[in-house]
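# Results of the structural survey
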Amino acid sequence: RRRKQRPVSPVSCVIRGTCSSPCSDMTSRNPLNAIALSAQSLLRPGTRDPALVESAATRISISAKRMSALVIDLLNLTRTRLGSSIPIVLAPTNLQEICESVIEEVSAAHPGKHLEVIYEGNLAGNSDSVKLGQVVSNLVANAIEHGAQREPVVLTVWGEDDRMPVAVHNEG
């Protein structure tokens, strides 16, 4: 028996892709790697530089919050499979701040990988910052995983009118 397929709107495609990203985030292990590597750096003998300790502690805190959000998103994804809708939490956000947080986390998870970021235009808007962070994290993690190891990954974000396109480029 064939199931009757319902038409899918572009919005639902974007939402479905965004909400399936927790699985990808967890399998790419950026938040967990950032936590583990930051904790290891704190445990090294002689690590007493307050700036390094603060930086590692901040990365651990941010990454733990992202892991918590990923678990919540997995629960939400399960609810959608049972017929509920996906909660989207719109709030004033700055895409540059979201990207900087993701880049810091990805850098901690992939030390030595050269990441470049280019920002242009107005990146303030009203969006779901958690889901945007997941999307950017997935794009950058995929570029690292599938790109040439010695070449940089370039993240470009620009604000134009009522849109904020994000592009990730890698060689390979």
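Residues numbered from 1 in each chain as written. Predicted model: local features only at pLDDT ≥ 70, side-chain atom pairs only at ≥ 80, totals over all residues. Heavy atoms only, no water.

With 83% of its residues at a pLDDT of at least 70, the chain reaches an overall mean of 81. Segment residues 1-20: pLDDT under 50, and 10 contacts once partners within four positions in sequence are set aside and those in other chains are kept. (pLDDT = per-residue confidence, 0-100. Contact = heavy atoms within 4.5 Å.)

The subject of this paragraph is the sheet that holds strand 4 (residues 153-158). Sheet architecture is open: three strands sit in the order 2-4-5, paired in mixed fashion. Each end of this open sheet is capped by a strand with a single partner; those strands are strand 2 (115-120) and strand 5 (166-169). Across the sheet, the axes of successive neighbouring strands diverge by a mean angle of 15 degrees, strand direction being ignored. Here six bridges tie strand 2 to strand 4, and the two strands are oriented parallel to one another. Bridged to Ile118 within strand 4 is Thr156. Against the sheet, helix 5 (residues 95-109) engages strand 2, strand 4 and strand 5, with an angle of about 180 degrees to strand 2. (Pairing = 2+ DSSP bridges. Helix = DSSP H or I, 4+ residues; strand = E, 2+ residues; numbered from the N terminus. Axes fitted to C-alpha atoms, helices over the stretch in contact; angles between N-to-C directions.)

Another aspect to go through is the nonpolar core. Leu115, Val140 and Leu155 are the most contacted members of the largest nonpolar core, which has 15 residues in total. Elements that contribute at least two residues to this core include exactly helix 5, helix 6 (129-146) and strand 4. Of all the elements, helix 5 adds the most residues to this core, at six residues. The contacts of Leu155, once residues within four sequence positions are left out, are Cys99, Ile103, Glu116, Val117, Ile118, Val136, Val140, Val166, Ala167 and Val168. (Core = buried A, V, L, I, M, F, W, Y, C linked by side-chain atoms within 4.5 Å. Buried < 20%, exposed > 50% of the residue type's maximum accessible area, 1.4 Å probe, protein only.)

Over its 14 residues, helix 3 (residues 30-43) extends 20 Å from the first C-alpha to the last, a length consistent with the 20 Å expected when each residue adds 1.5 Å. Among the residues of helix 3, Asn30, Pro31, Ala34, Ser38 and Ser41 are the ones counted as buried. Along the axis of helix 3, the buried positions cluster into a sector of 95 degrees, meaning they face one direction only. (Expected span 1.5 Å × (residues − 1). Arc of directions from axis to C-beta.)

Structurally, Asp161 is set in the loop between strand 4 and strand 5. Taking the C-alpha atoms as reference, Asp161 lies 8.6 Å from Asn122; in sequence the two are 39 residues apart.

The backbone phi angle of Asp161 is positive, close to 50 degrees, even though this residue is not glycine. A relative accessible area of 85% means that Asp161 is categorised as exposed.

A few words on the packing of helix 5 against helix 6. Between helix 5 and helix 6, the shortest axis-to-axis distance is 9 Å and the interhelical angle comes to 45 degrees. Judged by the angle between their axes, helix 5 and helix 6 are oblique. Considering the relative orientation of helix 5 and helix 6, their crossing is right-handed. Of helix 6, the residues touching helix 5 (which contributes Leu95, Ile98, Cys99, Val102, Ile103, Glu105 and Val106) are Ser129, Leu132, Gly133, Val136, Ser137, Val140 and Ile144. Its residues placed into classes, the contact of helix 5 with helix 6 shows 10 nonpolar, three polar and one charged. (Parallel < 35°, antiparallel > 145°, perpendicular 65-115°, else oblique. Left-handed = near helix turned anticlockwise from the far one by under 90°. Nonpolar A, V, L, I, M, F, W, Y, C, P; charged D, E, K, R; others polar.)

For Thr156, the location among the structural elements is in strand 4. Relative accessible area serves as the criterion here: at 18%, Thr156 is assigned to the buried category. Contacts of Thr156, omitting those with residues within four sequence positions, involve Ile118, Pro165, Val166 and Ala167.

Now for the environment of Gly133. Looking at the element boundaries, Gly133 is found in helix 6. As a C-alpha pair, Gly133 and Arg66 span 67 residues in sequence and 8.7 Å in three-dimensional space. In contact with Gly133, not counting residues within four places along its chain, are Arg66, Ile98 and Val102.

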